[in-house]
Structure formats: structure tokens, C-alpha cells
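Okay, here's what each chain looks like letter by letter:
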Amino acid sequence: MVGAPNEDSGAKEVDGSQTDNSALNSGAAYVFVRTGTTWNHQTYLKASNTEASDFFGISVAISGDTVLAGAYQEDSNATGSNGNEFDNSAESSGAAFIYAPPNTAPKIVAGALSRIAGNAVLNSQIATVNDAEDEEDKLTATINGASSATVSGVTISGISISAAGSVTADIVAAADAKTSGFNLRITDTEGFFTEVTLIVNVITATLTLDNPFECLGPGGLVGLTVQIKNTGVAPITAGLFATIPANLPVVPGSCAATSGACTIQNSSSLTWAGDLAAGQSATVRFKAQVAEGAPKGQQLCISTDVRVGGGLSGTLPACVTVNCDVVGLGADYPARSIAGDLKSGSVLIYNIVTSSADGRQQNTRFNITNTEPTRSAYVHIFLIDGATGNAAGFNVRLTPNQTATYLASDFDPGTTGFLIAVATDPGGCPVNHNFLIGDEYVRFASGYQANLTAMAVSAIVGSVPACEMNSMKSVIAFDGVSYGELPQGLIANNLPSVADGNETLLILNRIGGDLTTVATPLEQIGGIIYDDMESGVSFTYSNRISQLIGSTVEQSAKDGSQI
């Protein structure tokens, strides 16, 4: 800044006419700025009451954007600051003139605010501010003219402004809160202020649990439903993140949503994300299953974070308690163990069922028991015709510890084949209920008779396929992942010799196919049989039926003998 006390222009204040020389020695000042190494004239300054012989600019000073110019022969008799500068009754008393940029009100950028009804989010950023003249943490903030305010169940309080200009507050949305608007005012140290409207979108979110109506124990399913609604006036992007405890894994493929994308990350976490228009709702459903070995009395809690616009808006907790009585003494066979007749399971296979037309000469009595002391069992029983593969079926309900007994001739007389009993929910979807055992007494008209134990296959927690009541079909995979495995090869020992008048009835079943239409037939069968001298003879058999019953099997030896 350069002073020119003898400059003669009659101009006043900033950037007036420099060619008007009507005020001799009134004085002026010139402000220059530098760009690189070059100085350029920026501003021409005169007094606000320019008069001859005031010698404005006799002394100058500059600090930041503020400049000062002295006029030692200015004649005003004013005292202090900003007095009457046009009263010239104090000749040559002198004055100083200060020039600064005009004060500007703070600038505010309001945040996009959403909250879950019934939740509080503390110390949440609601806006950002900046001010050209003041440090941001010297500004003051009010909400609806006070330090706190409540509108339609939403309360904003505890407002503060950081040195970086972040405006934070506590926001509490009551359970019955609705989308609300607030007036946020930011005021600087000189009283200049700016106001903006803050809209707090209220999102309603609920989590409900569908517990078994009797008790919850290992293998039990828990259905979870989260409903989210945007009650606001603007669209939002929402999301869920559910954290699942170890003893309550998510069932694969069980997550479904009315909108957006639901993803099961692993057995212990699940996410959903979607866009909700104003007034739009979304429903997210998934299932979890109590793990094997979960002790009675254990509380299992699911924490579901609801996020709106990338920020946490609330948490929905939900807990279930394992409350079924312990079954029997000792430990059960591991669920992943192969099918067998010394264990309980969710699927039972009765290898032979037969009856005559009237049931007198040939029949089968079979039993099925629910060993669970507190939970009922729903079972769908399929009778597979061994010759055609056609399936007939019926449903039974077993109360806790109940055994039910049936005669094959009572529901499908004259049919020979095998039975498959599957534990289901009341709607017919396969479930984990590894508490079924069974046996049968079979009598043939030929004289064959036997008491046989049903083969049990366990369902594996966390992997039983998801199924809804309106599903047409559900796949049961004996793969060691969803259910225990079935054998692919069979070994029999000590077949009594026919030379001694003995005869052994061999039965082989093909477990598979679409039981709403027809079971899968057996493919070519091959094996080796050994005599008491350990001499082996190979045999093959091919006939596309679902069940092979016979006392002789054609073999492939050159002599064409029968085994």
C-alpha cells in the first residue's frame, strides 16, 4: 500500500475518479498486489469525507485484508470511532480511516438426515459451516431459536461447532416420530447469521421373530423379518447389516426381500441394500437355525444395524433362548455321519414294505417314533412302488415321544416297494428334526419275514435348503452338506449256502428322483461274491426299476451259473 498525501482528487472512498483534481492536497492511497514477481495496482482509496488539505495517506498500514490510512489535518471534532466526520469545528485535529472487506454471513451446508423411529444417535453431524471473518468454533448455533427443539417426536439437542466447521448434535427419534423440519441458525461474532431448514427423515424399522410354537432346540428354525419404511418426503438409500451368533447360523438361500438385494455373506452375517422412494416400504426375511450342541438356556442374540445414506441410523436387537429339554443320555451321532440304523435322523428309509390285497397273507407293520420330549414332529411319508417308481404319500403328526404304527395294507394294499419318511414343518417344507427313529416287521406270502430297523439320515444345521409354504418342490441332497451321505457301495457277509437248503432275499433300493412324479430307477449293478474258499465270481444286473428284490442274481461268469 502506498500513500499519496498531496493527491488532489475530489473522489470519495474506493475506486472513485482519479482525474478530478478539485480537492488540493486531499490525499489518496494505492493498494497493490503481487502475482509472482509482478506488482499490479488493485484499489484506489480516498477518504469518505474528502476535503482539501487533509493530507489523507500521510501514513498507511496494512494487515491481511484490512488497511489503514492517516489524514493528520482532517478537521472533524468527532471522538472515538465512527463519529460525525462532516463537523469541521476542530481544525487539523486529524483522523484515521480503516478499510476492510464487508462482513459476510456464515455459509451452511445442511446434511441429509435420517433416523430410525425409537432410536437415538448421539453426536451426529447435521451440517458444515464456514465464515470468512470468524473462526468456525466462535460461531453460535440455535435450533428453532433455542439450544434444543422437538418436532413431531424428533428432538435435536447438544449442538456444537468444531474448529473445522462440523456442526454436530444429538438426534433422538421417538417410537412414534415422524419426518420433521427444523430451522438451524448460525450467527457470527458481529451478529450476521444464516438460516437453513434441516429435514430429519424418520424411517420406521421393525424386526420380528417367528419362533417355533413349542420350544426351540438344536436344529430348530427361527424366522426373522425386518420391515423398513421411508416415511419421509425424499428418496433414500438404505441398508441392513445383521450379525448372527455362532450357535444360530443363517440358513443358506433363505434370504428374500420385496425390493433391493439381500446377500448372505456367511453363516454369521447378512446384508441388504436398496433404494426407498418417499413412502415406500421393504420387507427382508431370512432364517437361522440353532446349531447342534447348543445348550438349553443359552440366549442367542442377533444385532441388525440399519443404515441410511451410509450412516448408522439405528440398531434392532432380537434374542431367542434355547429352551427345549435335552433328549436322552449321552451324545447323539454326529449329524454328518453316514446313514445308519443305530441313530436318529430327519429322514428315515424303510427298505422293504409289502402287502397283499387283503393284507392277510403278506403285510408290513411299520413304526415311527418322535424321540423329542418337547417338540412335535411333522412327517411326510412316501411309499415308492419298487416296480414302477410311482410314489404315494401321506402326512402324520407325532406329538413329543409318540410312536405311531401303521399297516401297509391300510393305505396302499398290494404294493411292494420302500418307504421314505421326511421331517417337515407344518407346511410341508423339509426341516432339521434329527429325532426320528423307526422299525418294521415284514411278512411275505412266500414265508420270508424279518424285523428291520429303519435307516436314519441326519439333517445338517445351517444347510437344509430354504423352503416356503408356497414352494412346489424342495431338494433333499444326501451329500454330507445338507443331509448325511448315503452309501454308494454295499457289502454283505455270511450269506448262508443254498447247498444247505438256505435262501437269502437280497433287496436293493434306488433313493432318488422326483417323488411328485416317479422315483429314479436303478442303473447297472455289479459286484463280486466270494465262496468259503475265497474264490470270487463277478456278477452284473441291469433292469430299470427302483427296487431290486431277489434270491438269485444273474452273473457274468462264462459258465452262466446262478448266484
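Chemist: So what's going on with the sheet that holds strand E26 (residues 377-385)? Which residues, and what values?
Modeler: Taken in spatial order, the five strands of this open sheet run E27-E26-E29-E24-E32, and their pairing is antiparallel. Pairing within the sheet leaves two strands with one partner each, and these edge strands are strand E27 (391-398) and strand E32 (455-457). The mean inter-strand angle of the sheet, taken between neighbouring strand axes irrespective of direction, is 20 degrees. Strand direction decides the pairing type here: E26 and E27, joined by eight bridges, are antiparallel.

Chemist: Tell me about the pattern of salt bridges, residues and numbers included.
Modeler: If you walk through the whole model with that rule in mind, you get eight salt bridges. With a shortest N-O distance of 2.8 Å, Glu7 and Lys46 are connected by a salt bridge. Of this pair, Glu7 sits in the loop between strand E1 (2-4) and strand E2 (28-35) while Lys46 sits in the loop between strand E3 (38-45) and strand E4 (56-63), placing them 39 residues apart in sequence. By relative accessible area, which is 0% here, Lys46 ends up buried.

Chemist: Could you give an account of the nonpolar core, with specific residues and numbers?
Modeler: Leu224, Ile228, Leu240, Ile244, Leu248, Trp272 and Phe286 are the most contacted members of the largest nonpolar core, which totals 34 residues. Where this core is concerned, the elements lending two or more residues are strand E15 (193-210), strand E16 (221-230), strand E17 (236-243), strand E20 (269-276), strand E21 (281-289), strand E22 (299-308) and strand E23 (311-321). Dropping the residues within four chain positions of it, Ile228 is found in contact with Ile203, Thr204, Ala205, Leu240, Trp272, Leu276, Gln280, Ser281 and Ala282. The next biggest cluster of nonpolar side chains, apart from the first, holds 25 residues, and it includes Ala117, Ile159, Ala173 and Phe182.

Chemist: Describe in detail unusual backbone geometry, supporting the description with residues and values.
Modeler: Despite not being glycine, Asn144 shows a phi value in the positive range, around 50 degrees. Within the secondary structure layout, Asn144 lies in the loop between strand E10 (140-143) and strand E11 (149-151). Classification of Asn144 as partly exposed rests on a relative accessible area of 36%. Although it is not a glycine, Asn401 adopts a positive phi angle of roughly 65 degrees. For Asn401, a relative accessible area of 49% corresponds to the partly exposed category.

Chemist: Go over the sheet that holds strand E7 (residues 107-110) with me, naming the residues and quoting the values.
Modeler: Either a parallel or an antiparallel arrangement is found when strands of a sheet pair, and the pairing is made through backbone hydrogen bonds. Pairing within the open sheet is antiparallel, and its five strands lie in the order E7-E9-E13-E12-E11. Of all the strands in the sheet, the pair left with one neighbour each is E7 and E11. Mean inter-strand twist for the sheet, computed between neighbouring axes without regard to direction, equals 30 degrees.

Chemist: Run through the side chain of Ser269, naming residues and quoting values.
Modeler: Within the secondary structure, Ser269 sits in strand E20. Apart from the residues within four sequence positions on either side, Ser269 is in contact with Phe241, Ala242, Ile244 and Ile264.

Chemist: Describe a nonpolar patch on the surface, and please don't skip the residues or the numbers.
Modeler: A cluster of nonpolar side chains, namely Val2, Phe32 and Trp39, defines an oily patch on the protein surface of about 310 Å² accessible area. Mapping Val2 onto the fold places it in strand E1.

Chemist: So what's going on with the confidence of the model for the protein? Which residues, and what values?
Modeler: Averaged over all residues, the pLDDT of the protein equals 87, while 94% of them reach at least 70. Scored below 50 in pLDDT, residues 552-563 shows 26 contacts in the model against residues more than four places distant or in partner chains.

Chemist: I'd love a proper account of the environment of Ser409, names of residues and values included.
Modeler: Take Ser409: it is sitting in helix H1 (residues 408-411). Distance from Ser409 to Ser355, taken between C-alpha atoms, is 5.4 Å for residues 54 residues apart in sequence. Not counting residues up to four positions away in its chain, the partners in contact with Ser409 are Ser355, Ser356, Gly359 and Asn363.

Chemist: So what's going on with the pairing of strand E13 (residues 166-173)? Residues and values would help.
Modeler: In terms of burial, E13 is largely enclosed, as six of its eight residues are buried. Judged from the six bridges that link them, strand E9 (residues 120-130) and E13 form a sheet pairing that is antiparallel. When the bridges of E13 are listed, Val121 appears paired with Ile171. The sheet contact formed by strand E12 (residues 154-161) and E13 spans six bridges and is antiparallel. The residue of E13 that forms the bridge with Val154 is Ala173. In sequence, E12 turns back onto E13 through a hairpin of four residues, with Gly165 there showing a positive phi of about 90 degrees.

Chemist: Lay out the state of the cysteines with the relevant residues and their values.
Modeler: Scanning the model with the defined rule gives three disulfides in all. A sulfur-sulfur distance of 2.0 Å marks the disulfide that ties Cys215 to Cys324. Its torsion about the S-S bond being 95 degrees, the disulfide of Cys215 and Cys324 is classed as right-handed. A residue pair is termed long-range when its members are at least 10 positions apart, and Cys215 in the loop between E15 and E16 and Cys324 in the loop between E23 and strand E24 (347-353) qualify at 109 residues. Like Cys324, Cys215 is buried.

So, how was this worked out
Residues numbered from 1 in each chain as written. Predicted model: local features only at pLDDT ≥ 70, side-chain atom pairs only at ≥ 80, totals over all residues. Heavy atoms only, no water. Pairing = 2+ DSSP bridges. Helix = DSSP H or I, 4+ residues; strand = E, 2+ residues; numbered from the N terminus. Axes fitted to C-alpha atoms, helices over the stretch in contact; angles between N-to-C directions. Salt bridge = Lys/Arg side-chain N within 4 Å of Asp/Glu carboxyl O. Buried < 20%, exposed > 50% of the residue type's maximum accessible area, 1.4 Å probe, protein only. Core = buried A, V, L, I, M, F, W, Y, C linked by side-chain atoms within 4.5 Å. Contact = heavy atoms within 4.5 Å. Patch = residues over 30% accessible without salt bridge, like charges linked within 9 Å, V, L, I, M, F, W, Y side chains within 5 Å. Areas by Shrake-Rupley, 256 points an atom, 1.4 Å probe, with all protein chains shown as cover. pLDDT = per-residue confidence, 0-100. Disulfide = S-S within 2.5 Å.

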